[in-house]
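Spelled out from the first residue to the last, the chains are:
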Number of protein chains: 2
Amino acid sequence: MLPEEKVRQIINDVLDGQKSVQYLDDNYHPADIAEAIDLADGEERKLSAFRALGVDMGSEVLPLLGDEARDLILKRTEAEGLGDLIGEMDSDDAADILGDVTDEKAEDILDTVPDEVDQEVSMLLEYDEESAGGIMQIELVEANEKATVAETIEKLRAKADEIKDVHNIFVVDENRKLKGVAPLRDLILNPAKKTIGEIIDSQPPIYATVDADQEKVAWLFKRYDLVSLPVVDNEMVLKGRVVIDDVVDVMEEEADEDIMTMAGADDEALTQTHTIREMVQYRLPWLGASLIGGFITGALIWSFKMAI
Amino acid sequence: MLPEEKVRQIINDVLDGQKSVQYLDDNYHPADIAEAIDLADGEERKLSAFRALGVDMGSEVLPLLGDEARDLILKRTEAEGLGDLIGEMDSDDAADILGDVTDEKAEDILDTVPDEVDQEVSMLLEYDEESAGGIMQIELVEANEKATVAETIEKLRAKADEIKDVHNIFVVDENRKLKGVAPLRDLILNPAKKTIGEIIDSQPPIYATVDADQEKVAWLFKRYDLVSLPVVDNEMVLKGRVVIDDVVDVMEEEADEDIMTMAGADDEALTQTHTIREMVQYRLPWLGASLIGGFITGALIWSFKMAI
């Protein structure tokens, strides 16, 4: 957690009309600005600090805020202001924000954004939140397998402003069907005239379909040490990509869920039980199982101790 | 988990003298070969499959094996054979393997490897296993801040065989003190004649010191959405890098530890208690706390329900 003094310094700098967004960008990481706003005193101070960031930096900070500050800003910002922010965001973050406001407000917001953004985000919103489609982003760099390395680098250059974390180029055929994945390193190390089709692995690429469960996606990242993963539809047509930092969030979520479940406080229990009696009824078997499990573990350890 | 049929197919292909290592490499990911060996029937079959891989592929598969197959191979392979494997491995994996054999065998193994590997791995072994130094690898691409983009690309080319996952170039001054981090993307997008010092962020780079706890390292990756992190000594001299896939493993470990602790079976308890009575004594307070916690949670939820 940021020390109090640092929080004050960041908020003062943000609110200081003399200090440009460039100054903030040169001195603070968006994650630190987000935490400073989370920890700032009072709703009005949080709000004015966020507003002082402007659209570019605001669109980076908003997805990083804690629930409280985020809800506050979503509630207190007009649809048009949110539309501006969403227009600058990665599509997965934009979809998350729209999932957090009322359906009515989401529609109002989408009315203010360019058609292209509307279409992309609306598509993402159709996928289950816990599926590959629900956590992927649209932004990626793709190259036709017949394009040369030089052409692909030009394409990357054209998209550089829009897409920040590029680790891999996704290679497709003329129907946008996924053919392979080329790490940036291979673009640098291969002659400019080679085609992308020649430099990709002969092994079929690792991918997820849009409806794959997010746990499956996390498993693929872990097993194959990935930094990004192409997501395709049932016809193998490229739809988006999942990036490792989103998976890290999923892993945290799943670990928390596991811990909640073990403590007998999983989602269902928390949302569907209503009285203390029900809570106790729900928990007691878990505690009993835990006790019995403890004895079994103890016995096992004791017997292994014998074996050693 | 791999289906039985797939396990059989992989093992048969591995043991088939007609199928080259290139064939295996084109058709299977090392993680799948590792799991097939984990699931293969019997020690002898596991051993002969592993040996059939040869040194190059064996050095990739060994760190991915489950504990059982890994221990088997470490026990049944001579120091020289393990030395060959370790010589081809990333330094962090090599250090892990050496940490898993007896000190005597580790010394025997290190006697068989080139001096450079010996020095690197011995240095890594001096760090606490759960520190940044203990999980980092030596392999990285560094560039002097005065080098041009073109020179840095040449350096990357020279190291390409040795280092597979390059996402960032670490930028240092003439004393090897860390100055910044340049994503590969920036090498591609900037003119060849610019110096690396000109293209890095003006913000000081995010780094960990060798003695930082691995939890701190994982936190940095999560907070700043990193894919790799430079590790420095107390004088800011670059010592190594941690890559995201190692952090994913750390996160798993820490989550498991949390779950173990919650179940009253954390490391200390498992390793230091000796009798069932002690186990019970150790666990009961946890179970009691869990029960009381359950009631408190129940009460809280009930009171929030009132508030809603």
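What counts as what
- Residues numbered from 1 in each chain as written.
- Chains lettered and ligands numbered in written order.
- Predicted model: local features only at pLDDT ≥ 70, side-chain atom pairs only at ≥ 80, totals over all residues.
- Heavy atoms only, no water.
- Pairing = 2+ DSSP bridges.
- Helix = DSSP H or I, 4+ residues; strand = E, 2+ residues; numbered from the N terminus.
- Contact = heavy atoms within 4.5 Å.
- Axes fitted to C-alpha atoms, helices over the stretch in contact; angles between N-to-C directions.
- Buried < 20%, exposed > 50% of the residue type's maximum accessible area, 1.4 Å probe, protein only.
- Polar contact = N/O pair within 3.5 Å; in protein donor to acceptor, adjacent residues only side chain to side chain.
- Buried area = accessible area lost by both parts, 1.4 Å probe.
- Salt bridge = Lys/Arg side-chain N within 4 Å of Asp/Glu carboxyl O.
- Nonpolar A, V, L, I, M, F, W, Y, C, P; charged D, E, K, R; others polar.
- Domains from an automatic or database assignment.
- Phe/Tyr/Trp six-rings, centres within 6.5 Å; stacked < 30°, edge-to-face > 60°.
- Core = buried A, V, L, I, M, F, W, Y, C linked by side-chain atoms within 4.5 Å.
- Patch = residues over 30% accessible without salt bridge, like charges linked within 9 Å, V, L, I, M, F, W, Y side chains within 5 Å.
- Areas by Shrake-Rupley, 256 points an atom, 1.4 Å probe, with all protein chains shown as cover.
- Least-squares fit on C-alpha atoms with pLDDT ≥ 70 in both.
- pLDDT = per-residue confidence, 0-100.
- Parallel < 35°, antiparallel > 145°, perpendicular 65-115°, else oblique.

> What should I look at first to understand the sheet that holds strand β4 (residues 208-209) of chain B in this one?
The strands making up a sheet are joined through hydrogen bonds of the backbone, oriented either antiparallel or parallel. Residue and element names in this part refer to chain B. With mixed pairing, three strands are arranged side by side in an open sheet as β4-β5-β6. If you trace the sheet from one side to the other, it starts and ends with β4 and β6 (238-243), each paired once. By the bridge criterion, five bridges tie strand β5 (residues 228-232) to β6 in an arrangement that is antiparallel. The partner of V232 across the bridge, within β6, is L238. The sheet strands contacting helix α15 (residues 214-224) are β4, β5 and β6, and the helix crosses β5 at an angle near 140°.

> What am I meant to see in the sheet that holds strand β2 (residues 168-172) of chain B here?
Residues and elements named next belong to chain B. The mixed open sheet is built from three strands, whose spatial order is β1-β2-β3. In this open sheet, the two edge strands, each paired with only one partner strand, are β1 (142-144) and β3 (178-183). Across this sheet, the average inter-strand angle for adjacent strands is 30°, counted without regard to direction. Taken together, the three bridges between β1 and β2 define a ladder with parallel strand orientation.

> Just to check I follow, could you spell out helix α15 (residues 214-224) of chain A for this structure?
Each α-helix winds once per 3.6 residues, and so residues spaced three or four apart point in a common direction. Regarding α15(A), the residues found buried are Q214(A), V217(A), A218(A), L220(A), F221(A), R223(A) and Y224(A). Its side-chain oxygen placed 2.8 Å from the backbone nitrogen of E215(A), D213(A) serves as the N-cap of α15(A).

> Help me understand the interface of chain B and chain A, please; the structure alone is not making it clear to me.
A common way to state how big an interface is: give the accessible area lost once the parts meet. Listed by partner, the interface residues are 58 residues for chain B and 57 residues for chain A. In total, chain B and chain A occlude about 5200 Å² of area from one another, counting both sides; carbon and sulfur atoms represent 66% of this. Where chain B touches chain A, the interface holds six salt bridges. Taking the shortest distance from any N to any O, the salt bridge between K222(A) and E252(B) comes out at 3.2 Å. Counting across the interface, chain B meets chain A through 20 residue pairs in polar contact (both at pLDDT 80 or more). Breaking the side of chain B that touches chain A down by element, the ones donating at least two residues are α2 (21-27), α3 (30-39), α12 (149-159), α13 (184-189), α15, α16 (244-262) and α18 (276-307) of chain B. Examining the composition of the side of chain B that touches chain A, we find that 16 residues originate from one element, α18(B), more than from any other. For the side of chain B that touches chain A, the residue count by class is 33 nonpolar, ten polar and 15 charged.

> I tried to follow the domain arrangement of chain A on my own but got confused; where do I start?
All names here are of chain A. Split into domains, chain A comes out as domain 1 (4-129), domain 2 (142-249) and domain 3 (273-307). Relative to domain 2, the C-alpha centre of domain 1 lies at a distance of 29 Å. On the side of domain 2, five residues touch domain 1, which itself brings five residues to the contact. Regarding the contact of domain 1 and domain 2, the summed buried area is about 350 Å², with carbon and sulfur atoms giving 43% of it. Taken as a group, D92, M123 and Y127 account for 68% of the area that domain 1 buries against domain 2, more than any other trio of residues on that side. Counting across the interface, domain 1 meets domain 2 through zero salt bridges. Inspection of the domain 1/domain 2 interface yields zero residue pairs in polar contact (both at pLDDT 80 or more). For the side of domain 1 that touches domain 2, the class distribution of residues is two nonpolar, no polar and three charged.

> Looking at this structure, I do not really get the pattern of salt bridges. What am I missing?
Pairs may arise between side chains of opposite charge once their charged atoms sit close together. Residue and element names in this part refer to chain A. Enumeration over the complete set of coordinates arrives at 24 salt bridges over all chains. Ionic pairing is found between E142 and R176, a salt bridge with its closest N-O pair at 2.7 Å. In this pair, E142 sits in strand β1 (residues 142-144) while R176 sits in the loop between β2 (168-172) and β3 (178-183), placing the two residues 34 residues apart along the sequence. The class for E142 is buried, based on a relative accessible area of 17%. Accessibility expressed as a relative area gives 35% for R176, which makes it partly exposed.

> Sorry if this is basic, but what is going on with the packing of aromatic side chains here?
We describe a pair of aromatic rings using the distance from one ring centre to the other and the angle between the two ring planes. Residues and elements named next belong to chain A. Under the definition given, this model contains two aromatic pairs over all chains. Ring geometry for W219 against Y224: centres 6.3 Å apart, planes inclined by 85°, an arrangement best described as edge-to-face. Note on Y224: relative accessible area 12%, which makes it buried.

> Looking at this model, I keep getting lost on the environment of D16(B). Mind explaining?
Residue and element names in this part refer to chain B. Among the structural elements, D16 can be located in the loop between α1 (4-15) and α2. Judged by relative accessible area, D16 falls into the partly exposed class, the value being 25%. When the C-alpha atoms of D16 and D118 are compared, they prove to be 34 Å apart, with 102 residues separating the residues in sequence. Separated by 2.8 Å, the side chain of D16 and the backbone nitrogen of Q18 make a polar contact.

> What's the story with the nonpolar core in this structure? I'm lost.
Soluble globular proteins: nonpolar side chains tend toward being buried together. I37(A) and I37(B) are the most contacted members of the largest nonpolar core, which has 130 residues in total. Apart from residues no more than four positions distant in its own chain, I37(B) is found in contact with I11(B), K46(B), A49(B), F50(B), L53(B), V61(B), L65(B) and A69(B). With 36 residues, the next largest nonpolar core counts V149(A), A182(A), L189(B) and I200(B) among its residues.

> Can you help me understand a nonpolar patch on the surface in this one?
Together, L284(A), L291(B) and F295(B) line one region of the surface with nonpolar side chains, adding up to about 260 Å² of accessible area. Since its relative accessible area comes to 35%, L291(B) is described here as partly exposed.

> Can you help me understand the relation of the copies chain B and chain A in this one?
Between the two copies of the chain lies a rotation about an axis combined with a shift along it. When chain B is fitted to chain A, the best match, at an RMSD of 0.2 Å, comes from turning it 180° and sliding it 0.1 Å along the axis. One copy is carried onto the other by what is essentially a two-fold rotation axis. A share of 98% of the interface residues of chain B reappears at the interface of chain A, consistent with the copies meeting face to face through the same patch.

> Any chance you could explain the confidence of the model for chain A here in plain terms?
When pLDDT drops low, the exact placement of atoms in the prediction is not to be read closely. Residue and element names in this part refer to chain A. Here chain A averages 89 in pLDDT, while 90% of its residues score no lower than 70. Looking over chain A, one finds the lowest element-wise mean pLDDT in helix α17 (residues 267-272), namely 48, and the highest in strand β4 (residues 208-209), namely 98. Every residue in residues 268-273 is under pLDDT 50, and counting partners more than four places away or in other chains gives eleven contacts.

> Honestly, the packing of helix α3 (residues 30-39) of chain A against helix α5 (residues 54-61) of chain A in this entry has me stumped. Any pointers?
Each pair of packed helices can be described by the angle between their axes along with the distance between the axes. Residue and element names in this part refer to chain A. Two elements in contact, α3 and α5, have axes whose closest approach is 9 Å; the angle formed by their N-to-C orientations is 80°. Of the possible angle classes, the one that applies to α3 and α5 is roughly perpendicular. Counting all contacts with α3, which are made through P30, I33, A34 and I37, the residues of α5 involved are M57, E60 and V61.

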